[in-house]
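Architecture at a glance
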Amino acid sequence: PSLTRVPSQSEISAAIAANGGQANPVTGALLARNPWPQPNRTPDENGNNLETTTQGSNGVDSLIAKVDHHFAEADLLTVRYFYGDSDQSFPLALVGGGNLPGYNTITPTTVHLASASLTHVRSPKLLLEVRAGYNRFYETFSPEDQGFDPRTIGLNTVSDAQDFGLPLLRVSGYAPVGANLSLPRGRTDSNYQFFTNVSRHAGRHNLKFGYEFRRTTVDGYFDAGYRGRLDFDSLEDFVAGRVSGGRQARGDSRRYTFQNSHGFYAQDSFQVSPRLTANLGLRWDYYGVIGEEQDRFSIFDTQTGSVKPVSQLYPKDWNNISPRLSLAYDLKGDGKTVVRAGWGLYYDAFSQDFFVGQLPWNTYNPGPAYNDVEFSFSPVEVLSRGGAVYTDFATS
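Read on for an overview of the structure. Since the structure is predicted, the reported quantities are computational estimates derived from the model, not experimental observations. (Residues numbered from 1 in each chain as written. Predicted model: local features only at pLDDT ≥ 70, side-chain atom pairs only at ≥ 80, totals over all residues. Heavy atoms only, no water.)

**Considering a nonpolar patch on the surface**
- A cluster of nonpolar residues, Leu 280, Leu 325, Leu 327, Trp 343, Leu 345 and Tyr 347, forms a patch on the protein surface that exposes about 550 Å² of accessible area.
- Relative to the elements of secondary structure, Leu 280 occurs in strand 13 (residues 276–287). (Patch = residues over 30% accessible without salt bridge, like charges linked within 9 Å, V, L, I, M, F, W, Y side chains within 5 Å. Areas by Shrake-Rupley, 256 points an atom, 1.4 Å probe, with all protein chains shown as cover. Salt bridge = Lys/Arg side-chain N within 4 Å of Asp/Glu carboxyl O. Helix = DSSP H or I, 4+ residues; strand = E, 2+ residues; numbered from the N terminus.)

**Regarding the pattern of salt bridges**
- Counting across every chain of the model gives 17 salt bridges.
- In this structure, Arg 283 and Glu 212 form a salt bridge, with 2.8 Å as the shortest nitrogen-oxygen distance. Note that Arg 283 is positioned in strand 13 and Glu 212 in strand 9 (residues 205–222), a separation of 71 residues in sequence. This pair shows no difference in class: Arg 283 is buried, exactly as Glu 212 is.
- One salt bridge connects Asp 301 with Lys 308, and the closest N-O pair in it is separated by 3.7 Å.
- According to the relative accessible area criterion, Asp 301 is buried, its value standing at 14%. (Buried < 20%, exposed > 50% of the residue type's maximum accessible area, 1.4 Å probe, protein only.)

**A few points about unusual backbone geometry**
- Residue Pro 184 follows Leu 183 across a cis peptide bond; omega there is 0°.
- With respect to the helices and strands, Pro 184 occurs in the loop between strand 7 (168–171) and strand 8 (185–202).
- Backbone geometry places Asn 34, a non-glycine residue, at a positive phi of 50°.
- Considering the arrangement of structural elements, one finds Asn 34 in the loop between helix 2 (25–32) and strand 2 (50–52).
- Given the relative accessible area of 59%, Asn 34 is considered exposed.

**A few points about the packing of aromatic side chains**
- Summed over all chains, the structure comprises eight aromatic pairs.
- Above the ring of Phe 195, the side-chain terminus of Arg 131 is found at 4.6 Å from the ring centroid.
- Positioned above the aromatic ring of Phe 141, the side-chain terminus of Arg 185 is 4.4 Å from the ring centre. (Phe/Tyr/Trp six-rings, centres within 6.5 Å; stacked < 30°, edge-to-face > 60°. Lys NZ or Arg CZ within 6 Å of the ring centre and 35° of its normal.)

**Observations concerning the side chain of Thr 107**
- If you trace the backbone, Thr 107 turns up in strand 5 (residues 105–123).
- Apart from residues no more than four positions distant in its own chain, Thr 107 is found in contact with Ser 86, Asp 87, Gln 88, Phe 90, Glu 139, Thr 140 and Phe 141. (Contact = heavy atoms within 4.5 Å.)

**Remarks on helix 2**
- Turning to helix 2, its buried residues are Val 26, Thr 27, Leu 30 and Leu 31. Down the axis of helix 2, the sector holding all buried residues measures 135°, keeping them to one side.
- Just past helix 2, the residue Asn 34 takes up positive phi, approximately 50°. (Arc of directions from axis to C-beta.)

**Observations regarding the side chain of Ser 261**
- Within the fold, Ser 261 resides in strand 12 (residues 255–273).
- Excluding residues within four positions of it along the chain, Ser 261 makes contact with Glu 212, Phe 213, Arg 214, Tyr 286, Tyr 287 and Gly 288.

**Brief notes about the nonpolar core**
- Counting 28 residues, the largest nonpolar core has Trp 36, Leu 100, Leu 166 and Phe 238 as its most contacted members.
- Of all the elements in the fold, those that place two or more residues in this core are helix 1 (9–18), helix 2, strand 7, strand 10 (229–232) and helix 3 (235–240).
- When residues no more than four places from it in sequence are discounted, the contact partners of Leu 100 are Thr 4, Val 6, Pro 35, Trp 36, Pro 37, Leu 50, Thr 54, Ala 175, Pro 176 and Val 177.
- One finds Tyr 286, Ile 290, Phe 297 and Leu 313 within the second-largest nonpolar core, a separate group that totals eight residues. (Core = buried A, V, L, I, M, F, W, Y, C linked by side-chain atoms within 4.5 Å.)

This is the structure:
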């Protein structure tokens, strides 16, 4: 339960009377939607006259499928699949939202995981293996009223259905109406993998060679601020349609980043003696330079002091060579006590999130994907057109 302050019907009537007995047409249409619940308690010392409870929910459905099939004694096919689907509703609008019901953050999530492997025994000393995997994670964060087109009541704030929902309305002294400005946003993360391995037994040597390919992609958008924010200094100003301030972001926030990586390895498990085994390995990785589908990356040029678009964020690195070494020693030769030691050098890829950034506009941490692009906050300007509120919000 939350306590907050909302305007009573008598306060709204008084504000309309102060405006010559009528409300601005857009404000009137807003009031007809009952954006504030009616007070249900005596105001406390802070003026809070509403106790409200905002419902939250989280439902998950999952499915797992598994198949193992022997084509012959020498061939085994294994297939795995996982599907997950959830639908969450976060109360209090998440990340600084209000506590009125109807403006939760809705978060549907869908996950697919699939893998397949085929092993083939070529001979008692030779084994071939091919594996492939795919996973997809899809999640969006949207306002609970995302099905509402604000243009139907004269609010010309957005034209893209992806950004539908009321703008954040802040009337001084009362609970804000509308979901928070960080919505909507969403992303699809995909990962494709392919492996092939060859194992060969040769006397005291067990040799293994392999190759790995991996492609990771992030297809996301972050329309923070697109629905806009309208500020009113008083309830009378709200009724009259006099906006005191606000903001709205504009531009194209969708980005599609990707990275293609390759890896090769070779290793030898060598039986040095009946009690000592040495494992020697060498791996080489190439992590492809992270790119953007339309080359919408840019960096700060220290020579000119300005931002410039680039087709490649950083130089390619061909030097990821990783040696590995481990030893296993059977202390008494009876297999009951084994001492192990190992050392290895490992490399990893950059996270694409670092390059996409946490915010889709130019702040101290926007990330190279959002530098120097047509994306900005515009101040609100209010004009009178036929007695209705008109804003110059652009959605280019």
